[in-house]
Amino acid sequence: MEEKKGFCVLPFIHLATHPIGTVTPCCITEMKDDVSSAIDGDRKLFLETDPLTDIANSERFSSMRSQMLKGEYPKVCRICQHHDENGIYSKRRESNEKFKHLIDDAVLNTKENGDLINVNYKYIELRLGTVCNLKCITCNPFSSNRWNEDVKIFKGTEFEKQYFKNNDKTEWYRSTEFYDDLIKHTPELEEVWINGGEPTLIKEHSYFLQKLIDNGVAKNVNLHYSINLTRIPDTFIEIWKQFKKVRLSLSIDDLGDRNDYIRTGSMWSVIYKNFKKILNYRDTFSIEVCQTVSMLNVYELNEFKKFTQEHRVVLSHNYVNYPSFLHVSNIPEEMKQEILKRIPNLHVEEVERLTEELYKNKTSEFEKFYKYINMLDLKRNVSISESLNEWEKYFTK
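We now turn to the structure provided with this report.

Calculation criteria
Every chain is numbered independently, its residues counted from 1 as its sequence is written. Only residues with pLDDT of at least 70 are given local features in this predicted model, and only at 80 or more are side-chain atom pairs given and counted; all residues enter the totals for whole chains, interfaces and linings. Excluded from the side-chain calculation are hydrogens and water; included are all heavy atoms of the structure. A pair of aromatic rings is counted whenever rings of Phe, Tyr or Trp (Trp by its six-membered ring) have centres within 6.5 Å, and the orientation is called stacked for planes under 30 degrees apart, edge-to-face for over 60 and tilted otherwise. Only protein chains enter the accessibility calculation, which uses a 1.4 Å probe. A residue is then buried if its area is under 20% of the maximum for its type, exposed if over 50%, and partly exposed in between. The criterion is that NZ of a Lys, or CZ of an Arg, lies within 6 Å of the ring centre and within 35 degrees of the ring normal, and then a charge sits over that ring. Only buried residues count toward a nonpolar core. Its members are Ala, Val, Leu, Ile, Met, Phe, Trp, Tyr and Cys residues joined through side-chain atoms within 4.5 Å. The secondary structure listing takes helices from DSSP runs of H or I that are at least 4 residues long and strands from runs of E that are at least 2 residues long, numbered from the N terminus. Contact criterion: two residues are considered in contact whenever any of their non-hydrogen atoms come within 4.5 Å of each other. Axes, fitted as lines to C-alpha atoms, cover a helix only where it is in contact. Angles between the N-to-C directions of the axes lie from 0 to 180 degrees. For classification, angles of less than 35 degrees are called roughly parallel, those exceeding 145 degrees roughly antiparallel, those between 65 and 115 degrees roughly perpendicular, and all remaining angles oblique. In this count, Pro and Cys sit with the nonpolar residues alongside Ala, Val, Leu, Ile, Met, Phe, Trp and Tyr, while Asp, Glu, Lys and Arg are called charged and the others, Gly among them, polar. Two strands qualify as a pair provided DSSP detects at least 2 bridges between them. Note on handedness: a crossover is taken as right-handed if, strands pointing away from the viewer, the path from the first strand over the helix to the second is clockwise. By salt bridge we mean one thing: a side-chain nitrogen of Lys or Arg within 4 Å of a carboxyl oxygen of Asp or Glu. What makes a crossing left-handed is the near helix being turned counterclockwise from the far one by less than a right angle; a clockwise turn instead makes it right-handed.

## Things to note about the packing of aromatic side chains
Alright, step 1. The final tally for this structure, using the stated rule, is 36 aromatic pairs.
Alright, step 2. Each ring, one from Trp172 and one from Tyr173, has its centre 5.7 Å from the other, and the planes form 80°; the classification is edge-to-face.
Alright, step 3. Using a relative accessible area of 4% as the deciding quantity, one classes Tyr173 as buried.
Alright, step 4. Three or more aromatic residues joined by ring pairs make a cluster, and in this case those are Trp147, Phe154, Phe159, Tyr163, Phe325 and Tyr372.
Alright, step 5. Positioned over the ring face of Tyr359 is Lys336, at 4.6 Å from the centre of the ring.
Alright, step 6. Above the ring of Trp147, the side-chain terminus of Arg380 is found at 4.9 Å from the ring centroid.

In structure tokens:
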């Protein structure tokens, strides 16, 4: 079944939540206009109001599973379809290989119409709302509530449709009822990925983790966290120790003042102190740095790589694709050439990926990037040319 065109195991075993309480089959299905969110008829389902069984067997999700069993790609899976058809290693293939041992039972657990007989999640992603203490330039109001402080500057501009105040007050991630329902459907859980917002600010999710510990499930569960290093509560460290394996992805985008500019609200002295603290647990947890690569930090990619090498930490690159005007392909050609001459510490695969991303798009949105940064700098009373020196000749102070 895993080799069948269009089949992906995730919609059969997986829960992918989103900050406002919607659910999609996975994290990379088509998101625009909620076309992949759980829905029955015209009604969108939410974690705050709807049981997990109703969401899992919603009209949209069951229809997707039915299509996959027939070897068809659902329309919202166009990213994986494109990758598959162009010889790129897709998330569909990755997931089928990772959870190959679950596929036969997952198919047997599915009715002909796509409904699940038993909702028994093996892998869950919890994006715990929009609560965050940072407002990174590459982020938005739907992942960080602090962004609401700045969005009014975009009213009446070309950015208004992308950046507007998120007034959704749902707080499903604080509800013990939600976590109790989730516990009922995770007796054979294998993996949890938790991010936000910033998950260390949402203490309520420790209720769920403690339930997994008390039920004897935690010792069989791999736990993956994405955290911004502004705080490392010792209470969470003690909880994490009870799980089978713990992988910590540390979100750092640059060094010193550069990081503080890009990740607005952060202080490098605090970030570095907590970075050193968490490295003390490298024998207990798997630790990696996840760098979000954009127009803002790609110029110093090599220096950041040296930093992670000096601290013996694995580095992964997450290239920004949305908003598109922050993608590295918008960089002026002269700077692209400079960047490619400044990367002796990058591995061959990293160089290949960087080159591919730099020349990924033929059309440039540099003017849009220029307008966006100028507007945001004025609101935040900062200057890109002072914080990121490579941009000095492109921006007036």
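Moving on, there is more to tell.
## Details of the nonpolar core
Alright, step 1. Counting residues in each nonpolar core, the largest one holds 59 residues, and the members touching the most others are Phe208 and Trp240.
Alright, step 2. Top contributing element to this core by residue count: helix α11 (residues 268-279), with five residues.
Alright, step 3. Here Phe208 is in contact with Ile124, Leu126, Tyr179, Leu182, Ile183, Thr186 and Leu189, once residues within four sequence places are set aside.

## Quick look at the packing of helix α13 (residues 333-340) against helix α14 (residues 348-358)
Alright, step 1. Orientation of α13 relative to α14, taken along the N-to-C sense of each, is 180°, at an axis distance of 11 Å. The angle between the axes of α13 and α14 places the two elements in the roughly antiparallel class. Each of Lys336, Ile339 and Leu340 in α13 lies in contact with α14, whose residues at this interface are Leu354, Thr355 and Leu358.
Alright, step 2. For the contact of α13 with α14, the per-class residue count stands at four nonpolar, one polar and one charged.

## Some remarks on the pairing of strand β9 (residues 286-293)
Alright, step 1. A large share of β9 lies buried, amounting to six of its eight residues.
Alright, step 2. Sheet analysis places strand β8 (residues 245-251) next to β9, joined by five bridges and oriented parallel. Each residue of the ladder has a partner; that of Ser251, found in β9, is Cys290.
Alright, step 3. You can see the chain leave β9, run along helix α12 (residues 301-310) and come back into strand β10 (residues 314-319), and the turn it takes is right-handed.

## Concerning the pattern of salt bridges
Alright, step 1. Overall, the coordinates contain 28 salt bridges when judged by the stated rule.
Alright, step 2. Between Asp50 and Arg43 there is a salt bridge, with its nearest N and O atoms 3.0 Å apart.
Alright, step 3. In this structure, Glu350 engages Lys305 in a salt bridge whose closest nitrogen and oxygen atoms are separated by 2.9 Å. Remark: Lys305 occurs in helix α12 and Glu350 occurs in helix α14; sequence separation between them is 45 residues.
Alright, step 4. Note on Lys305: relative accessible area 6%, which makes it buried.
Alright, step 5. Taken together, the shared-partner salt bridges in this structure form one network comprising Lys135, Arg146, Glu149, Asp150, Lys379 and Arg380.

## Side note on the packing of helix α7 (residues 176-184) against helix α8 (residues 205-214)
Alright, step 1. With their axes 9 Å apart at the nearest point, α7 and α8 run at an angle of 30° to one another. In terms of orientation, α7 and α8 fall into the roughly parallel class. α8 is crossed by α7, and the crossing has right-handed handedness. On α8, the residues touching Thr176, Tyr179, Asp180, Leu182 and Ile183 of α7 are His205, Tyr207, Phe208, Lys211 and Leu212.
Alright, step 2. Its residues assigned to classes, the contact of α7 with α8 shows six nonpolar, two polar and two charged.

## A look at the environment of Gly6
Alright, step 1. Checked against the element boundaries, Gly6 lands in the segment before α1 (10-13).
Alright, step 2. Classification of Gly6 by relative accessible area gives buried; the value is 2%.
Alright, step 3. Setting aside residues up to four positions removed in sequence, Gly6 forms contacts with Met68, Gly71, Glu72, Tyr73 and Arg92.

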